[in-house]
Amino acid sequence: MRFQAQRSSSISQADKGADLAGSPGNQAFSAAPTPLRSRSSLGGSRARASSVSVPGCVQPTGGDAAGAFDEQACRVCFGVIDADGNGSVSKLELVDAVYRDRKIWNFVFQGLQDDDTAPSPMSDEQSFDAVDAIFGAMSGGRPRVAFAEFAAYFRQRAAAQGARGTPELQAIFRRLDADGNGSVSKLELLAAVQKDRLVASFMFPGLDGSRVMGDERSFDSVSAAFDTIAGGKRRIEYVDFDRYFRKSESPVWSLGAPQDAAAARRQRAGKRILVIGLGFGLDHNLQQGTVLGQAGFEVHWCQDLPEPNQFAFPSVVQMEKLRAAIARVQPEVLVAASMGGAYMVGAWVFGLWKGPSLMINAHPSLTQLPLNVPMVLAHGANDEVFPRHRPELENLIATGGSRCFLYYSGNSGQIAPGAFTRIGDQHQMQSLTVHDCLPSLVDGLLSTEGPEAHMIRSWRHRRSQERLEAENWLGYTTERLRCCWVSPGRKGADRQKLFEVHRGSEEFSKIAAIFKAASPEPSDYELPPQAAWDRTGILKIERVENGQQEAGSARPYCEAIRKALRAQGLTFEPGVHTCWAFHGTGPDPNIVESIISDPVAGFQPLTCGSHNKSLWGPGAYFARDAQYVAEGNFSTTISAGGGRRMLLCLLTLGIPCVGDATHTGVLPYRQKPHRYNSSVDSLSSPEIYAVQHPGAAYPAYVITFV
């Protein structure tokens, strides 16, 4: 069943003229998903001519206008580009509109001068490639773009211009583009990093650019950066460069300091959030109700709504106050919780709202999501008011499309009857109020990459700056690890697999930093104070050099995940889709030897779980923090004096889901036919990872400690 927008005699004639805040009447959910102004504010009917007056399309790249987003201009441009008026835009429609209309060109390439001498995308190959790249960034691999994705792209670009300083990015790109042809090759990037301190410090803080052609590790860092920005192409266009720096506050290959709260508030300032007050924090959960305002958003409330029937969405008359609030606020995200979810469903049904939406607690009236609407549905396993089983929620989220994300807070398996290591949320969803979770979900709805990808990226902020710098030095690919190998030819082909790392080396200090690192936030598990862990001593670190396992298992699996993500419209990024974690092998000292020496795969995930029970489903288990492995008695004791061992491993996580003790060997679908690639214990701040494929983990180091 597909809901349709409806008209009613209960609405005034003036409201009918506005078509419920501007939404076309009798239009299905696949219509342009956006909070709409009244038609009168856009000057009447949709413009169709090939040369149209688009207010605000020519935007300066500096001064007071930097970072400004003109939603009205964006809406008019979308209407011109949408030639067939079906509420979405194809690549051909975008190319055709840019080619035919100079004002559309100026809007799409904000910062170009409005003159008739600039090349068109059909006469200049680089310009055509740029349009192609912009469409790819909007669509995430899909054939058509709805207004929500279109507006999100230009909104994020405008925010990036204000936050990072577009003139600075353009200046850096010009310094990279040695021949001035508008694109950058890998050789040009290497040469610029080697010769230009400004470029090196901007893109690779802490790296000595002058050594890039003589130091293999530095060379690999720059090469990996190019591959990440280019996304498989041989040259980097400015749109690639700009898109990457919009996506992340600091590059994944440099992994700078986690974003602090003040910086996050500055980025969120001015972003309008409309909260449906019924059932939300001001009435029932004050902490949840204030966290969005404290995060820096411009929060507006729609209060004093009548309570609808629990199992149905409100009537047209009951929706009037919300309709007026949407028209007045023109929000960028609509948020609802508990009984207020009925009003969100009503807003979709009556065509009041088709923009980014966040629903806390799946309301009983919600049976299908609107198509092409960015959506986060947050629900807890122990919701006592609106109980729903997880498979039902997964089927529900699948009805909405690729930009919909189920934030699910689940229970672990039981270690004893009634005893859990982690308890999922009840109706008030306490997990949303910690780890910057609720604001991050809103950030994800407003980002071009979508809420799920954004949430996974935010996990880096759960690690300290010192740890991120150490991890970056080691790298996030197995190919990078080989830079430290000392076996003949760095092949790891001999019988000897363990090589001791010299205590005074930089490699030793980086591994020790990861081992001893404290999370910026308290663990969700009961661990002793950090001061006790600081007294732990490292006796020895040994590097694992198993060439057959790395080249025959870990590397092919990583490449398979890269291709699977590309098929889903995502870009594989080392440090985001791969990570460092610790593994304890239990009381048997022979297990370590078996893992590091196996020529095919050291881990056999489907035959193991935690040493107590399979708490998050089948798989090989890893911990974010070494202290968890040590305090949980997962590590191996190797001497009467108390010496113990654990493994530091490089994991390929891909896209994880929350684990579940009821999972079998197959994880749920993410986008059919693609399933999730691994499991975690939490979607806001994971501390436990479970992988289900032998190639998903490479045992890089053995750490002996006391």
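My aim in this report is to walk through the structure given alongside it, one point at a time. (Residues numbered from 1 in each chain as written. Predicted model: local features only at pLDDT ≥ 70, side-chain atom pairs only at ≥ 80, totals over all residues. Heavy atoms only, no water.)

### Here we look at the overall build of the protein chain
- Tallying secondary structure elements over the protein chain gives 26 helices and 24 strands in all.
- The burial tally for the protein chain puts 57% of its 706 residues in the buried class.
- As displayed, the protein chain has an accessible area near 27800 Å², and 51% of this comes from carbon and sulfur atoms. (Helix = DSSP H or I, 4+ residues; strand = E, 2+ residues; numbered from the N terminus. Buried < 20%, exposed > 50% of the residue type's maximum accessible area, 1.4 Å probe, protein only. Areas by Shrake-Rupley, 256 points an atom, 1.4 Å probe, with all protein chains shown as cover.)

### Structural notes on the packing of helix H20 (residues 465–474) against helix H22 (residues 506–516)
- Where H20 meets H22, the axes come as close as 8 Å, and the angle between the chain directions of the two elements is 135 degrees. Looking at the two axes, H20 sits oblique to H22. Here H20 and H22 pass one another in a crossing that is left-handed. Across from Glu 466, Arg 467, Ala 470, Glu 471, Trp 473 and Leu 474 in H20, the residues of H22 making contact are Glu 506, Glu 507, Lys 510, Ile 511, Ala 513 and Ile 514.
- When the residues that make up the contact of H20 with H22 are grouped by side-chain class, the tally is 6 nonpolar, no polar and 6 charged. (Axes fitted to C-alpha atoms, helices over the stretch in contact; angles between N-to-C directions. Parallel < 35°, antiparallel > 145°, perpendicular 65-115°, else oblique. Left-handed = near helix turned anticlockwise from the far one by under 90°. Contact = heavy atoms within 4.5 Å. Nonpolar A, V, L, I, M, F, W, Y, C, P; charged D, E, K, R; others polar.)

### Some words on the pattern of salt bridges
- This model, assessed by the stated rule, comprises 29 salt bridges.
- A salt bridge links Lys 540 to Glu 542; its shortest N-O distance comes to 3.8 Å.
- Given the relative accessible area of 11%, Glu 542 is considered buried.
- Here Arg 543 ties to Glu 545 by a salt bridge, and the two come within 2.8 Å at their closest N and O atoms. For the pair Arg 543 and Glu 545, a shared accessibility class is recorded, and that class is buried.
- Here the residues in one salt-bridge network are Arg 463, Arg 467, Glu 471, Arg 624, Asp 625 and Glu 687, joined through shared partners. (Salt bridge = Lys/Arg side-chain N within 4 Å of Asp/Glu carboxyl O.)

### Here we look at empty space enclosed by the protein
- What the rule picks out here adds up to 6 cavities of 30 Å³ or more.
- Within this model, the largest cavity holds a volume of roughly 160 Å³.
- Along its surface, the largest cavity is lined by 16 residues, and Trp 459, Arg 460, Arg 463, Gly 575 and Cys 579 are the ones closest to its centre.
- Elements that contribute at least two residues to the lining of the largest cavity include exactly H20 and strand E15 (578–583). (1 Å grid on protein atoms, 1.4 Å probe; cavity = no way out; pocket = protein on both sides within 12 Å on 5 of 7 lines; lining within 4 Å. Points joined across faces, edges and corners; volume = space filled by probe spheres on them.)

### Quick notes on the packing of aromatic side chains
- According to the stated counting rule, one finds 15 aromatic pairs in the structure shown.
- For the pair Phe 78 and Phe 147, a centre-to-centre distance of 5.3 Å together with 80 degrees between the ring planes defines the contact as edge-to-face. On the criterion of sequence distance, the pair formed by Phe 78 in helix H3 (residues 71–81) and Phe 147 in helix H7 (residues 147–176) is long-range, its members being 69 residues apart. We note that Phe 78, like Phe 147, is buried.
- On the numbers, 5.2 Å between centres and 70 degrees between planes, the contact of Phe 603 with Phe 622 is edge-to-face. Of the two residues, Phe 603 sits in the loop between helix H25 (590–597) and strand E16 (620–623) while Phe 622 sits in strand E16, which places them 19 residues apart along the sequence. Accessibility assignment for this pair places Phe 603 and Phe 622 in one class, buried.
- Linked through ring pairs, Phe 78, Phe 107, Phe 147, Phe 150 and Phe 154 together constitute an aromatic cluster.
- When the ring centre of Trp 105 is taken as origin, the NZ or CZ atom of Arg 102, which lies over that ring, is 5.2 Å away.
- One Lys or Arg, Arg 675, reaches over the ring of Tyr 669 and ends 3.8 Å from the middle of that ring. (Phe/Tyr/Trp six-rings, centres within 6.5 Å; stacked < 30°, edge-to-face > 60°. Lys NZ or Arg CZ within 6 Å of the ring centre and 35° of its normal.)

### A closer look at the packing of helix H18 (residues 437–446) against helix H19 (residues 451–458)
- Taken N-terminus to C-terminus, the directions of H18 and H19 make an angle of 135 degrees; their axes are 7 Å apart at the nearest point. Between H18 and H19, the angle is such that the two are oblique. Between H18 and H19 lies a crossing whose hand is right-handed. Within the contact between the two elements, H18 uses Cys 437, Ser 440, Leu 441, Asp 443, Gly 444 and Leu 445 and H19 uses Pro 451, His 454 and Met 455.
- Of the residues assigned to the contact of H18 with H19, the class counts are 5 nonpolar, 3 polar and 1 charged.

### Notes on the sheet that holds strand E8 (residues 357–360)
- Overall, parallel pairing links the 6 strands, which are arranged E6-E5-E7-E8-E9-E10 in an open sheet. The outermost strands of the open sheet, each flanked by one partner alone, are strand E6 (298–302) and strand E10 (404–409). Pairwise comparison of adjacent strand axes, ignoring direction, gives a mean angle of 15 degrees for this sheet.
- The strands that helix H16 (residues 341–349) touches are strand E5 (272–276), strand E7 (333–337), E8 and strand E9 (375–380); relative to E8, the one it contacts most, it runs at about 150 degrees. (Pairing = 2+ DSSP bridges.)

### What to know about the environment of Thr 421
- Following the sequence through the fold, Thr 421 ends up in the loop between strand E12 (419–420) and H18.
- The partly exposed category is assigned to Thr 421, whose relative accessible area is 27%.
- Distance from Thr 421 to Glu 526, taken between C-alpha atoms, is 9.5 Å for residues 105 residues apart in sequence.
- Setting aside anything within four residues of it in sequence, one finds Thr 421 in contact with Ser 412, Gly 413, Ile 415, Tyr 525 and Leu 615.

### Observations concerning the nonpolar core
- In terms of nonpolar packing, the biggest core is built from 100 residues, with Tyr 407 and Phe 622 touching the most fellow members.
- Setting aside chain neighbours within four positions, we find Phe 622 in contact with Ala 581, Phe 582, His 583, Phe 603, Cys 649, Leu 651, Glu 687, Ile 688, Tyr 689, Val 691 and Ala 697.
- Counting 36 residues, the second largest nonpolar core, distinct from the first, contains Met 319, Ala 325, Leu 334 and Met 359. (Core = buried A, V, L, I, M, F, W, Y, C linked by side-chain atoms within 4.5 Å.)

### Brief notes about the pairing of E16
- Here E16 shows two buried faces, one formed by Ala 620 and Phe 622 and the other by Tyr 621 and Ala 623.
- In terms of strand pairing, E16 meets strand E23 (residues 688–691) through 4 bridges, oriented antiparallel. Paired with Ala 620 across the two strands is Val 691, which belongs to E23.

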